[in-house]
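# Secondary and tertiary structure notes
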Amino acid sequence: MRCLSCAEEIPGNCRYCPSCGKVLTPRQTPASPFSSPTLDQLPESASSPTPIPHARFVPGMLLADRYRIVTPIGKGGMGEVYRAEDLRLGQTVALKFLPDTASSNPAAWANMEREVRIARQISHPNVCRVFDIGETKDGPFISMEFIDGEDLASLLKRIGRLPMDKGLQVAHQICTGLAAAHELGVVHRDLKPANIMLDGRGRVRITDFGLAALAEELREDKILAGTPAYMAPEQMSGGQVTPRTDIYAVGLLMYELFGGKQALPYSTASDLLRRRAALPLRLSKVVKDLDPGVERIIIRCLQVDPGERPSSAMEVAAALPGGDPLRAAIAAGETPSPDTVAAAGEAVTMSAGASIALLAAILLGIATSAYLMRYASVLGFAQGGKPPEALAERAREVIARFGYNENAADSAWWLEANRDGLAGLPRGSPEGMHFVYRQSPRPMIPKDYFGLVDTNDPPADVPGMIEVVLDARGRLREFSAVPVSADNHGPPPDWAVALSQASVGSPQIAPPNALVVPPTAYETRQDWRASDAGRTVAITAAAYGGRLVYFRAAPAPLPATARGRARGFAGIMFVVAAIVCGIGGSFLARRNMRRGRGDRQGAFRVAAFIFLAEFLGWVLSAHFVPAASEEYGAFIGGCGESLYVAGFMWVLYMAIEPYVRRRWPWMLISWTRVLSGGLYDPRIGRDVLFGAAGGAAMAMIQNGVNALPAWFPVANILPAVPSPLVLRGPASMLAALCTHASLAVQWALATVSFLLVARVVARRDWLAALVSGVSLGMVVLAADNFAVAITAAMLCSVIVYWLLFRFGLLSVAVTLFFYFLLRRWPLSLDFSQWFAWRSVFSISVLLAVAVFGFVAVNAGRPIFAESALDD
């Protein structure tokens, strides 16, 4: 029987190859449960190069018409290594050949090809570069980077252990090189001192990826492989091999680096297995001046349970004393991996007093926004309004008074801003909000993706469909019914009944209003004019078959103003931004995927969050009816819309994240930690607190703008309109919460996209922030008075980009979430208002986020020091 790695003959009762030290596969291992390998069958560094007494190739030989042998370097169980000159490129390289006994072994050839295929994927200064595979009459060979130095095994054998500063330097470089492999899904499986080279400048190179494999392949691979002295417990027992298996080997390496001896010495295989189940002797008992941080991370790496080890090599590097792998990667001009970013950053410390003050500022900002909303929101205009449930009952009463007693198969209601405009309405007018009630003799199936019944969706084309519009106090403002065919054409209805429902004083008959055309068939029509709160009200009524089919009481149209110009410009800017992000993002995402630079795991989690939030928003707000086929189509539409948004954000994230990670990696530290599942973290808590404070500040600015007309004679500023979803039922309110959480993430990524595009054009961070801030401000103009609107938008942009550069992407997402809830939800400190419980809910959500940030930033620390209590 021969070893598949080196093709050497294997003794009949041996589980390990005596030449290369590799663990045999189950198919090779002899079925002898009573044999136990001895020490000479478990070599320490079986594959480390040794001088070649009888080299196969002599200096001066020309191979493959390209490589001239300079000198033999060493020989081990995995093959022979020579120094050679690449005559075509004029460079010095190393050539690795299979042993003589394996040169004709197809399995050994395949193993060499696999090593090259995997190793060529990794390009990092701390990983030995593999160039290509060649072939001679003596067998295949690998051309690789020539490292003029010494392997770590021979170095430690000569000097014992490395000094603390040099050991930390070597350990950091091992971790960064290993992290580059893990980022591409490659598990080394044979990490040991003999496979760590140090060049003449002391720089580390990880070599020998002969046993490396992709993590996806190892999920089903039960083959044992590796050098026994450096194998993790799960590796020896045939368990699942993951990147944390390499982390165990890193712990063993660091133990030797700083201690000068093996962590788990052994004499027999059974002894090795027994010692794998326990931690080694504490390194502080071996080395007197050892830094406690080194010992702590080594102990974590050598945990028997893989789940208790560090999650990544960069987490190990970050835990080592004095290490900043993120800064080192930036200085080297590299793109740090997501794990590097998540593990980077200095420890965040915020005093208890500062965190309490910040939390108090957030609470004050929320309370101020709630106070301003009395003057800034359209709900503040409609003071003393009735709750939606009472208005729905009032709408059904109006329908009955007009003689429509037929049972309705379906109905829906919602609140919306006055469709005829808010300009010119006196403060406190109930006309600010309209209550819309629709009913139908057949189920109403909306066609839009969101599944919401609206005024025109589904169309009013079924006889017996009725729509009633009331103001906030329940006065009739509009009535429309699709007439049912009638044989009798009776006299007109009693117009006084309709006029009484509108509650307008002393209406006078007027000529027909040419600007108002009933949307349904009618036989008779009558128009009036009346006065209501100092405004002229135009009234139109129409009847068909003796029943009222149309009624409208609305103020006369006002002259055209500047209303809508700023918002129209903002809409154009939004469409342009969406097109640029979609087209440019697709190109960059494809490019990053081909180069292996994108954070696929992070992009998937962002897209999954967006999909879940959007889909839940649809489920909670859609209008469902008992029609299986129609509901299936609606379900497809809801899923399609959610998948589209999620897919768009996946593409955008894959497009921009690698560039942000390369240029501004500190922006992603807390963001990446959240995506990795770590929430209870002081840095995350700090960024959440500052984000909440920023969102409260932005809401105060914009709410203050909308409230200006209450105190100053400022034109073209209308009250803020809350999101229609939050004014519907409780389920729709939860849908609005999901939607706004999704929008916060989407707009946070869009903010970074604006910055990246501006950085390409401007070439300076400060100028890019200025250009992108102005562009973003033009997209989110929130008033029709352009001077006031642009000033407020620029102030908000300053807050957003200051938070982005100072605290990162997570703080911006939290800022936008706070801003949306403080701007688009009904807020009030007056608990007699019908929407008070909605206000309590939204404020409770914001308080929960703020309190989480406060608790996280003080994680593991008492809020009040004992000394302060004793004073």
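These notes cover the structure that comes with them. Within each chain, residues carry numbers counting from 1 in the order of the written sequence. Local features in this predicted model are restricted to residues of pLDDT 70 or higher, and side-chain atom pairs are both shown and tallied only at a pLDDT of 80 or more, whereas totals for entire chains, interfaces and linings draw on every residue. Remark: hydrogens and water are excluded; side-chain values derive from all non-hydrogen atoms of the structure.

Turning our eyes to something else, we now look at the overall build of the chain. A helix here means a DSSP run of H or I that spans at least four residues, while a strand means a run of E at least two residues long, and both kinds are numbered starting from the N terminus. Along its length, the chain carries 26 helices and 19 strands. Partly exposed describes any residue whose relative accessible area lies between the buried limit of under 20% and the exposed limit of over 50%, with all areas from a 1.4 Å probe on protein chains only and scaled to the type maximum. By the burial criterion, 54% of the 871 residues in the chain qualify as buried. Across the chain, every contact between residues at least 6 apart in sequence was considered, and the portion connecting residues at least 24 apart equals 68%. In short, Shrake-Rupley with a 1.4 Å probe defines the accessible areas, and a residue's cover is counted only from the protein chains shown. Put simply, the chain shows about 37,900 Å² of open surface, and 59% of that area lies on carbon and sulfur atoms. Any two residues whose heavy atoms approach within 4.5 Å at even a single point are treated as in contact.

Before going further, it helps to examine the packing of aromatic side chains. Each Phe, Tyr or Trp ring (for Trp, its six-membered ring) is paired with any other whose centre lies within 6.5 Å, and the angle between the two planes then decides the class: stacked below 30 degrees, edge-to-face above 60, tilted in between. Inspection of every chain in the model, using the stated rule, returns 22 aromatic pairs. Considering the side-chain rings of Phe57 and Phe97, the 4.6 Å spacing of their centres and the 40° angle between planes classify their relative orientation as tilted. Of this pair, Phe57 sits in the segment before β1 (62–63) while Phe97 sits in strand β4 (residues 91–97), placing them 40 residues apart in sequence. The class for Phe97 is buried, based on a relative accessible area of 0%. Each ring, one from Tyr82 and one from Phe97, has its centre 5.7 Å from the other, and the planes form 85°; the classification is edge-to-face. Pair noted here: Tyr82 is in strand β3 (residues 79–86) and Phe97 is in strand β4, with a separation of 15 residues, a long-range link. When sorted by exposure, Tyr82 lands in the same class as Phe97, which is buried.

We now examine the nonpolar core. For this analysis, a nonpolar core means a set of buried residues of the types Ala, Val, Leu, Ile, Met, Phe, Trp, Tyr and Cys, connected via side-chain atoms within 4.5 Å. Counting 127 residues, the largest nonpolar core has Phe479, Phe551, Trp671 and Leu749 as the members making the most contacts within it. If sequence neighbours within four positions are ignored, Trp671 has contacts with Val606, Tyr653, Val745, Leu749, Leu809, Leu810 and Ala813. Counting 66 residues, the second largest nonpolar core, distinct from the first, contains Val130, Ile147, Ile206 and Ala229.

Another point: the packing of helix α17 (residues 600–621) against helix α21 (residues 730–762). Running from N to C, α17 and α21 point in directions that differ by 155°, and their axes come no closer than 8 Å. Classified by the interaxial angle, the pair formed by α17 and α21 is roughly antiparallel. Crossing of α17 over α21 shows left-handed handedness. Facing Val606, Phe609, Ile610, Ala613, Glu614, Leu616, Gly617, Leu620 and Ser621 of α17, the residues of α21 in contact are Ala731, Ser732, Leu734, Ala735, Cys738, Thr739, Ala741, Ser742, Val745, Gln746 and Leu749. Orientation is described by lines fitted to C-alpha atoms, with helices fitted over the stretch in contact, and by angles between N-to-C directions that extend from 0 to 180 degrees. Roughly parallel covers angles under 35 degrees, roughly antiparallel covers those over 145, roughly perpendicular covers 65 to 115, and oblique covers all other angles. Crossing handedness is defined as follows: a turn of the near helix away from the far one that is anticlockwise and smaller than a right angle gives a left-handed crossing, while the clockwise case is right-handed.

Once that is clear, we can look at the sheet that holds strand β9 (residues 196–199). Whether two strands pair comes down to DSSP finding at least two bridges between them. Here 3 strands make up an open sheet; going across it, the order is β7-β9-β10 and the pairing antiparallel. Every interior strand has two partners, whereas the edge strands, β7 (149–151) and β10 (204–206), have only one. Taking the axes of each pair of neighbouring strands and ignoring which way they run, one obtains an average angle of 25° across the sheet. Running at roughly 35° to β10, helix α3 (residues 164–183) makes contact with β9 and β10 of the sheet.

On to the pattern of salt bridges, then. Definition used for salt bridges: Asp or Glu carboxyl oxygen within 4 Å of a side-chain nitrogen of Lys or Arg. Scanning the model with the defined rule gives 23 salt bridges in all. The residue Glu115 makes a salt bridge to Lys96 at a minimum N-O spacing of 3.4 Å. Here the residue Glu115 occupies a position in helix α1 (residues 106–119), and Lys96 occupies one in strand β4, the gap between them amounting to 19 residues. Here Glu115 matches Lys96 in class, with each residue buried. Measuring nitrogen to oxygen at the nearest pair gives 3.7 Å for the salt bridge that ties Arg661 to Glu183. With Arg661 in helix α18 (residues 628–663) and Glu183 in helix α3, the pair connects residues that are 478 residues apart, well separated along the chain. Each of Arg129, Glu145, Asp199, Arg203 and Arg205 takes part in one network of salt bridges that share partners.

Looking now at the pairing of strand β17 (residues 524–532). For a regular strand, side-chain orientation follows a simple rule: the groups alternate between the two sheet faces. Note that strand β16 (residues 505–510) and β17 share 4 bridges and pair antiparallel. Bridging from a neighbouring strand, Ile509 pairs with Trp528 of β17. As paired elements, β17 and strand β18 (residues 535–544) share 9 bridges and run antiparallel to each other. Of the residues in β18, the one forming a bridge with Thr524 is Ala543.

It is worth spelling out the environment of Arg201 at this point. Turning to its location among the elements, Arg201 is positioned in the loop between β9 and β10. The spacing of Arg201 and Gly149 is 52 residues in sequence and 8.5 Å in space, taken between C-alpha atoms.

Time to look at unusual backbone geometry. Pro458 follows Asp457 through a cis peptide bond whose omega is 0°. The residue Pro458 is located in the loop between β13 (433–440) and β14 (466–471) in this model. One non-glycine residue with positive phi stands out, namely Ala64, at about 55°. Within the secondary structure, Ala64 is located in the loop between β1 and β2 (67–76). Positive phi, normally seen in glycine, also occurs at Asp65, with a value near 55°. Of note, Asp65 is situated in the loop between β1 and β2. Look at Asp65 and you get exposed, because its relative accessible area is 72%.

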